[in-house]
Amino acid sequence: MRKTISQDDLAILGEVERKVLWLATWTIHYANHIRDSTDGLKVGGHQASSASLVTIMTALYFRLLRPQDRVAVKPHASPNFHAIQYLLGKQTRERLENFRGFKGAQSYPSRTKDVDDVDFSTGSVGLGAAQTLFSSLVQDYVRAHGWGLHRPDGRMVALLGDAELDEGNIFECLLEGWKQGVRNCWWVVDYNRQSLDAVIREGLWQRYEELFRNFGWDVVILKYGSLLEAAFREPGGEALRQWIDRCPNQLYSALVFQGGAAWRKHLESDIGDQDAVSKLIGSRSDADLARLMTNLAGHDLPTLVEAFERVDHDRPVCFIGYTIKGYGLPFAGHKDNHAGLMTTAQMERFRQTMNVRPGREWERFEGLHETPERLQRFLDEVPFAAGGPRRLTAPRFATPAELAVAVQTEMSTQTGFGALLNELAREPSELVARIVTTSPDVTVSTNLGSWVNRRGLFAREASADIFKSERIPSTFSWEFSASGQHIELGIAEMNLFILLSALGLSHTINGERLIPIGTLYDPFIARGLDALNYACYQDARFILVATPSGITLAPEGGAHQSIAEPLIGMAQDGIAAFEPAFVDEIAGILAFALDYIQKDSDGDLSEQNWLRDETGGSIYLRLSTRPIEQIKRAMTAPLRQAIVDGAYWLREPGPNCQVVVAYAGAVAPEAIQAVGLMAEDRRDVGLLAVTSADRLNAGWTAAMRARERGLVHARSHIERLFAQLPTNCGLVTVVDGHPATLAWLGSVNGHRVRPLGVEHFGQTGTIADLYCYYGIDANAIIAAAQAITPGAPIRHLKAM
Ligand SMILES: Cc1ncc(C[n+]2csc(CCOP(=O)(O)OP(=O)(O)O)c2C)c(N)n1
Ligand SMILES: [Mg+2]
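Residues numbered from 1 in each chain as written. Chains lettered and ligands numbered in written order. Predicted model: local features only at pLDDT ≥ 70, side-chain atom pairs only at ≥ 80, totals over all residues. Heavy atoms only, no water.

(A) Local environment of the overall build of the protein. A tally of regular secondary structure across the protein gives 35 helices and 20 strands. The C-alpha atoms of the protein give 31 Å as radius of gyration, which agrees with the globular expectation for 800 residues (28 Å, within 12%). The dimensions of the protein, computed from C-alpha atoms along their principal axes, are 105 × 70 × 50 Å. Considering only contacts within the protein whose residues lie at least 6 apart along the sequence, 76% involve residues at least 24 apart. Of the roughly 31,300 Å² of accessible surface on the protein, 51% is carried by carbon and sulfur atoms. In the protein, which carries 79 positive and 94 negative side-chain charges, the distance between the mean positions of the two groups comes to 2 Å. (Helix = DSSP H or I, 4+ residues; strand = E, 2+ residues; numbered from the N terminus. Rg over C-alpha atoms; globule rule 2.2 N^0.38 Å. Contact = heavy atoms within 4.5 Å. Areas by Shrake-Rupley, 256 points an atom, 1.4 Å probe, with all protein chains shown as cover. Lys, Arg positive; Asp, Glu negative; His and termini not counted. Charge placed at Lys NZ, Arg CZ, Asp CG, Glu CD.)

See below:
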């Protein structure tokens with residue numbers, strides 16, 4: 001084996017490895033057995049899962065990684081990460097003591113909730129790995145555009161559990177990565193052959209190897225440690241190697257758990273009749289034999305360092321590192337160890353083997369052989385920590401207060417969005433240069449075509465549109481270049497969201513801000529929902545445009561109708577959802593969005609900024625393909641503000657108002673029509689245009705909380721809008737989505753409410769057919785109004 005690490009360095013790295021194992025294990029133990037926990041719930045933690053990655057993480061963090069590298073750490077290895085940062089002076093003892101507690105070190109590494117410079121959050125398995133892949137692509141995007149070239153290329157590294165590879169999004173991103181020419185991406189698989197429930201199938205490493213090679217990755221199998229390799233060179237060593245190679249995962253795990261005597265018994269009965277083997281085994285004590293047999297490469301520093309340092313190319317690499325779950329701990333290898341916690345007695349024994357004196361558990365150099373000075377010097381020189389804070393910043397780009405768009409008599413919100421982007425594409429501003437659009441194979445059908453025609457598709461290597469060079473007429477130019485501003489994805493919504501997550505963190509990861517806009521069909525938000533949630537959790541910033549939506553896409557297919565998405569928009573933390581009806585509204589919302597996504601979110605959200613107007617977030621626009629008659633009006637500043645705040649009166653209710661119709665989105669014509677028809681039979685009817693049920697609702701709940709806490713004058717936008725409504729007036733709400741989206745409006749001032757919306761789906765038909773069938777047409781609105789308000793029958797109800 002090529003020696004790349006001196007004995008001295010190895011010795012000190014070994015000390016650090018012991019320390020990481022101790023601190024991570026102790027952190028979990030402390031939270032469960034020592035810290036006061038009054039609610040009776042086990043704090044939990046995963047000592048076995050964490051221990052599995054200690055050696056690999058030691059080799060990476062204390063030797064291989066550079067400041068420009070970025071890492072997604074397997075969720076249950078979070079204690080290792082925090083321990084490493086503690087050793088490097090980036091994590092506090094208080095937070096470690098408060099592991100899994102309120103404001104303590106997080107159960108899974110968290111960009112937003114941890115303070116010790118987590119690069120990428122993890123938790124939902126599979127997503128962190130995909131994040132590293134897309135972050136490599138984004139790094140290439142940024143550099144290809146000539147930005148951030150003063151910084152060296154970073155490697156995006158994922159530390160994955162082997163069972164994470166069961167997640168479908170892993171395969172989706174591998175294929176996309178292959179298409180986009182991913183590089184500078186390393187995945188290190190913690191191949192402990194155990195998942196949560198049990199020991200995993202035999203021979204998975206071969207499947208993995210073929211899979212990764214198929215997608216153009218280099219694969220490095222790290223199986224045996226240096227002790228085992230040396231033993232294989234002894235007489236009888238080859239037989240030992242064959243025995244291990246044939247040993248089923250379950251048996252191997254069981255023997256790891258049982259220890260030296262069990263290894264001896266099995267080896268002797270299987271291959272002990274060979275003289276040489278018998279000597280090889282016999283010359284070792286039980287403890288030595290156990291140490292030898294568990295010396296897998298994933299626990300062997302020289303092997304790991306050598307393998308990592310040998311990589312001399314930028315192609316993606318998958319390392320499959322054989323490990324033992326719970327390595328170094330009493331439940332190592334036991335199939336039930338996933339959530340197992342060491343008992344106090346076990347911890348006491350472990351403390352003794354680690355040379356840690358009681359009361360000195362948090363001391364960084366306690367129990368190590370090297371002098372504190374030497375250890376400190378080593379830590380001070382760790383390359384990974386040499387770069388200062390890992391969280392970069394980037395200036396914000398000025399945004400226009402207004403966006404230009406030519407509003408036609410009839411337009412859909414989707415065409416309006418396309419027209420707005422087309423106008424933006426003409427602008428030579430720095431802001432527009434930073435816009436990057438992306439779509440999972442629905443670029444044209446979501447109206448991004450003209451933007452792409454002007455700004456081009458991105459690829460590191462240029463390729464021409466052959467249809468164009470062959471002079472075949474086509475509406476769209478499909479030319480790729482390094483300066484293109486659209487990233488075309490295959491049809492995988494998971495990939496869309498993780499790419500948005502990577503693009504939307506570029507300011508903090510690459511120090512170069514991007515303005516990401518992603519489009520997809522509204523129902524397929526559900527397909528990538530966990531990835532969307534993940535992107536929001538990391539505080540990635542992007543604009544999501546979902547179109548078409550609801551049953552309004554009528555003939556296009558019942559299967560594509562979305563019902564729950566407006567509720568997702570309201571409930572999803574970190575994203576402000578809008579459902580406009582008119583194109584001038586989108587112009588206002590988009591101008592707001594371009595600014596909102598650039599705002600800094602340092603610090604906690606307070607009651608005052610629950611709308612995140614100070615801290616910003618991402619944006620979700622739910623649009624439709626239904627052309628509707630546009631309102632000719634001058635956009636004023638107060639109207640624009642009301643649109644952004646979530647609602648405005650399209651028809652102001654009079655002092656004796658009996659009915660208010662509140663609508664959102666594509667059903668505007670039905671609401672307008674119903675209000676017109678009711679006007680003769682109900683007094684002072686009001687028509688409320690809701691542009692964001694999400695912001696309207698968030699403002700309302702925030703104002704209530706504020707008042708409960710003593711800010712008696714706090715008023716939300718919806719409370720101000722409803723302030724003059726008589727208490728006996730009825731409220732009909734209507735949306736092409738689940739009725740609960742607007743039903744809460746009745747609670748604002750205790751008005752009687754009849755929420756209309758869609759609760760079932762799946763029929764094709766014309767818009768009129770479907771609105772009638774599902775009860776969101778003008779007639780349904782009138783019927784609802786009649787049912788909840790006193791007075792004579794509304795004549796038009798019968799007429800319709
Ligand atoms: C999407 C998702 N589903 C389920 C879980 C619950 N879960 C956490 S870890 C785990 C299995 C871990 O196995 P592996 O990846 O091999 O990690 P190990 O602990 O063995 O290192 C599961 C099912 C999760 N975190 N995320
Ligand atoms: Mg595993």
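Following the structure, the description resumes.
(B) Quick look at the pattern of salt bridges. Overall, the coordinates contain 41 salt bridges when judged by the stated rule. In this structure, the salt-bridge partner of R93 is E97, at a minimum N-O distance of 2.8 Å. Taken together, the positions of R93 and E97, both in helix α5 (residues 93-97) and four residues apart, correspond to about one turn of that helix. The closest approach of N and O atoms between R396 and D595, which form a salt bridge, is 3.6 Å. Taken together, the residues R396 in the loop between α17 (372-380) and β6 (410-411) and D595 in helix α26 (residues 583-596) connect sequence positions 199 residues apart. R396 sits in the partly exposed class, given a relative accessible area of 41%. The class for D595 is partly exposed, based on a relative accessible area of 25%. (Salt bridge = Lys/Arg side-chain N within 4 Å of Asp/Glu carboxyl O. Buried < 20%, exposed > 50% of the residue type's maximum accessible area, 1.4 Å probe, protein only.)

(C) Region of interest: the packing of helix α18 (residues 413-426) against α26. Viewed as axis vectors pointing N to C, α18 and α26 meet at an angle of 50 degrees, and their least axial separation amounts to 9 Å. Judged on the interaxial angle alone, α26 and α18 are oblique. Crossing hand, α18 versus α26: right-handed. Two secondary-structure elements touch here, α18 through T413, G416, F417 and L420 and α26 through V583, I586, A587 and L590. Here the residues of the contact of α18 with α26 sort into six nonpolar, two polar and no charged. (Axes fitted to C-alpha atoms, helices over the stretch in contact; angles between N-to-C directions. Parallel < 35°, antiparallel > 145°, perpendicular 65-115°, else oblique. Left-handed = near helix turned anticlockwise from the far one by under 90°. Nonpolar A, V, L, I, M, F, W, Y, C, P; charged D, E, K, R; others polar.)

(D) Structural view of the side chain of Q131. Residue position: Q131 is located in helix α6 (residues 127-144). Reaching out from Q131, the side chain makes a polar contact with the side chain of Q538 at a distance of 3.1 Å. (Polar contact = N/O pair within 3.5 Å; in protein donor to acceptor, adjacent residues only side chain to side chain.)

(E) Quick peek at the packing of α6 against helix α7 (residues 168-180). In contact at an axis separation of 9 Å, α6 and α7 are set at 10 degrees when each is read in the N-to-C sense. If you check the angle between α6 and α7, you find them roughly parallel. Judged by residue contacts, L127, A129, A130, L133, F134 and L137 of α6 engage N169, I170, C173, L174, E176, G177 and Q180 from α7.

(F) Structural detail: the sheet that holds strand β1 (residues 70-73). Here five strands make up an open sheet; going across it, the order is β1-β2-β3-β5-β4 and the pairing parallel. A single partner strand is all that each edge strand has here, and the edge strands are β1 and β4 (218-222). Neighbour-to-neighbour, the strand axes of the sheet open up by a mean angle of 15 degrees, direction not taken into account. Note that strand β2 (residues 156-161) and strand β3 (residues 185-191) share six bridges and pair parallel. From the neighbouring strand, A158 faces β3, where its bridge partner is W187. Each of β3, β4 and β5 (317-322) is contacted by helix α8 (residues 204-214), which is oriented at about 160 degrees to β4, the strand it contacts most. (Pairing = 2+ DSSP bridges.)

(G) Spotlight on the coordination of the magnesium ion (ligand 2). Distances from the magnesium ion (ligand 2) to its protein donors, D162 (OD), N192 (OD1) and Q194 (O), fall within 1.9 to 2.2 Å. Along the chain, the residues donating to the magnesium ion (ligand 2) are arranged with the sequence spacing D-x29-N-x1-Q. With D162 in the loop between β2 and α7 and Q194 in the loop between β3 and α8, the pair connects residues that are 32 residues apart, well separated along the chain. Comparing D162 with Q194 shows no difference in burial state: the two are buried. (Donors = N, O, S within 2.8 Å, 3.2 Å for Na, K, Ca; no water.)

(H) Representation of the site of ligand 1 in the model. In the vicinity of ligand 1, 18 residues are found, and the nearest of them are S49, K74, G123, D162 and Q194. The separation between an oxygen atom of ligand 1 and a polar side-chain atom of S49 is 2.6 Å. Of the residues belonging to the shell around ligand 1, the class tally is three nonpolar, nine polar and six charged. (Near = heavy atom within 4 Å.)

(I) Region of interest: the pairing of strand β12 (residues 543-546). Of the two faces of β12, both are covered, the one formed by I543 and V545 as well as the one formed by L544 and A546. Sheet analysis places strand β11 (residues 515-520) next to β12, joined by four bridges and oriented parallel. Within the sheet, the bridge partner assigned to L520 lies in β12 and is A546. This β-α-β element, β11 to helix α24 (residues 529-537) to β12, shows right-handed connectivity. (Right-handed = clockwise from strand over helix to strand, strands pointing away.)

(J) Spotlight on the pairing of strand β7 (residues 435-440). The element β7 is extensively covered by neighbouring structure, given that six of its six residues are classed as buried. Burial along β7 is two-sided: the face carrying I435, T437 and S439 and the face carrying V436, T438 and P440 are both buried. Where β7 and β11 come together, four bridges link them in parallel fashion. Along β11, the bridge assignment pairs T438 with G518. Inspection of the sheet shows β7 paired to strand β10 (residues 486-489) by four bridges, in the parallel sense.

(K) The arrangement of the packing of aromatic side chains in detail. Evaluated as defined, the whole model comprises 27 aromatic pairs. Between the aromatic rings of Y191 and Y208, the centroid separation amounts to 6.2 Å while the plane-to-plane angle is 75 degrees, which identifies the pairing as edge-to-face. Pair noted here: Y191 is in strand β3 and Y208 is in helix α8, with a separation of 17 residues, a long-range link. Judged by its relative accessible area of 1%, Y191 is buried. On the basis of relative accessibility, which here comes to 5%, the residue Y208 falls in the buried class. Put simply, the rings of W22, W26, Y30, Y86, F350 and W362 pair up and form one aromatic cluster. (Phe/Tyr/Trp six-rings, centres within 6.5 Å; stacked < 30°, edge-to-face > 60°.)

(L) Spotlight on the sheet that holds strand β19 (residues 730-735). Spatial ordering of the open sheet is given by β16-β18-β17-β19-β20, a layout of five strands whose pairing is mixed. Each edge of the open sheet carries a strand with a single partner, namely β16 (647-651) and β20 (752-756). Going across the sheet, the axis of each strand differs from the next one's by a mean of 20 degrees, ignoring polarity. Relative to β20, β19 runs parallel, the two sharing five bridges. The residue bridging T733 from the neighbouring strand is P755, located in β20.

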